[in-house]
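Observations on the model geometry
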Amino acid sequence: MYLPYLRGRQYELLALRELAENDLIGNKVTPIIEPIKPSSTLIKTITQFVDKNKDIALVLNPKVGNFNKELEIVKNDKFRDQLISAFEKPNVIISHILNSNSVNEINMLVEQGHKKNEILMINKEKDCLNFYLQVFQEEYPRYNLIPEESSFRRKIRHNKVLIADRFEKQSRNADYLSLDDESFSEDHIFYKEDGFIGFSDYSIVGEGYFESGFAPYAVAIHIVFFDENKCLRVKHFVSNSNEDYNDPAGKFYEALKKLALWQEKEHINTFGLREFMKHYHNGTYPGLGTVKKLSIMHHIELVSKYLDGVE
């Protein structure tokens, strides 16, 4: 089971929605969204998964962004009701980030009709593990996301899912020029052997969250691929004219041309890569958000195919 962890930015939501819409995500993949703000795109993404009868997990107590604060001040009652209703639909797995107030928060969820054994728990705070043990004594969460640390393994023993940031993020896009490609993950191969029922990562985005973006000097496209041993690696395609932030379309084409030459040799068949090739042949620039969207789509579809045994 693969549970990619995304933060609910526009391009991440669109990636998930289009994967579901085009039937590119199998039943062994359950995305987790930690929403950052209320939006119609979030509602449409949830609805798309529900319509396709596919599971999707939603964090009710996000730690990044301003989702809950913004939800409280939404003036459009219809929109707020639609969003709250979306969280209560079938196939939506209620998720909770373990924190110092988890005992009260989870008890409230139970009072609202949620069952402890249907919750997805995200356990990353070592100092809060005792609160987990206080809540889950006889019933255990459906999924328990934990880091690869002995403290978590010892205290959380049921339905464990390994969560790790496998993307080595550089401070500047131009820094990827010297890397070419690097190891990404072997979790998909060894997670069962290591005592987990699934694995989770932050795709090619990384765990770090920043409120606002900025115009980069360099454009980088990150593509995950399998090596000859079925280990995942990530290849970086980076623009060359990186002296300033002018002409992002030209920089994108420089990086895309490198991707196209590589793809001609590799022939990897995913929706994301086919869309990249369309932009290459048509000479179009979709914007940097779409670049990330397509890279995420490619990664999730690739892992979904692997888990389903599809070459």
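In case you missed it, the structure is sitting above this.
Here the structure is a predicted model, which is why all the values come from computation and not from measurement.

Calculation notes
Within each chain, residue numbers correspond to sequence positions counted from 1 in written order. A pLDDT threshold of at least 70 governs which residues receive local features in this predicted model, and a stricter bar of 80 or more applies before side-chain atom pairs are shown or counted, although totals over entire chains, interfaces and linings include all residues. In computing side-chain properties, one takes all heavy atoms of the structure into account and sets aside hydrogens as well as water. Strands are runs of DSSP state E lasting at least two residues, helices are runs of H or I lasting at least four, and both sets are numbered from the N terminus onward. What the globule rule says is 2.2 Å times the number of residues to the power 0.38, and the radius of gyration is computed from C-alpha atoms. Whether a residue is buried, partly exposed or exposed follows from its accessible area with a 1.4 Å probe, protein chains only, as a fraction of its type maximum: under 20%, in between, or over 50%, in that order. Any two strands with at least two DSSP bridges between them are considered paired. Note on geometry: axes are C-alpha line fits, over the in-contact stretch for helices, and angles between N-to-C directions span 0 to 180 degrees. The contact criterion used is simple: two residues touch if any of their non-hydrogen atoms lie within 4.5 Å. Orientation is classified from the angle alone, with under 35 degrees giving roughly parallel, over 145 giving roughly antiparallel, 65 to 115 giving roughly perpendicular, and any other angle giving oblique. Note on convention: near helix rotated counterclockwise from far helix by under a right angle means a left-handed crossing. Clockwise means right-handed. Note that Gly is not counted as nonpolar here; it falls among the polar residues with everything else outside the nonpolar set of Ala, Val, Leu, Ile, Met, Phe, Trp, Tyr, Cys and Pro and the charged set of Asp, Glu, Lys and Arg.

1. Here we look at the overall build of the protein chain
Summing up its helical and strand segments, the protein chain has 11 helices and 11 strands in all. Since a compact globule built from 311 residues should have a radius of gyration of about 19 Å, the 20 Å found for the protein chain is in line with a globular shape. Its C-alpha atoms give the protein chain principal-axis dimensions of about 55 × 50 × 35 Å. Looking at the protein chain as a whole, 52% of its 311 residues qualify as buried.

2. Things to note about the sheet that holds strand E11 (residues 232-238)
The antiparallel open sheet is built from 3 strands, whose spatial order is E8-E11-E10. Here the strands that pair on one side only, and so sit at the sheet edges, are strand E8 (181-185) and strand E10 (220-226). Averaged over all neighbouring strand pairs, the angle between strand axes comes to 30 degrees, with direction disregarded. Pairing analysis gives 7 bridges linking E10 to E11, with the strands arranged antiparallel. Along E11, the bridge assignment pairs Ala-220 with Val-238.

3. Details of the sheet that holds strand E4 (residues 92-97)
Read from one edge to the other, the open sheet built from 8 strands follows the order E1-E2-E3-E4-E5-E6-E7-E9, with strand pairing classed as parallel. The sheet terminates laterally at strand E1 (5-6) and strand E9 (198-200), the two strands that pair on one side only. As paired strands, strand E7 (residues 160-163) and E9 are joined by 3 bridges and run parallel to one another. In the strand pairing of E9, Leu-162 is matched with Phe-199. Running at roughly 145 degrees to strand E3 (residues 56-59), helix H2 (residues 40-51) makes contact with strand E2 (32-33), E3 and E4 of the sheet.

4. Concerning the packing of helix H1 (residues 10-21) against H2
Where H1 contacts H2, the two axes come as close as 9 Å, and the packing angle between them is 25 degrees. Taken together, H1 and H2 sit at an angle that is classed as roughly parallel. When you trace H1 past H2, the crossing you get is left-handed. Contact with H1, carried on its side by Gln-10, Leu-13, Leu-14, Leu-16, Arg-17, Ala-20 and Glu-21, involves Thr-41, Leu-42, Lys-44, Thr-45, Gln-48 and Phe-49 of H2 and no other residues of that element. Looking at side-chain class alone, the contact of H1 with H2 contains 6 nonpolar, 4 polar and 3 charged residues.

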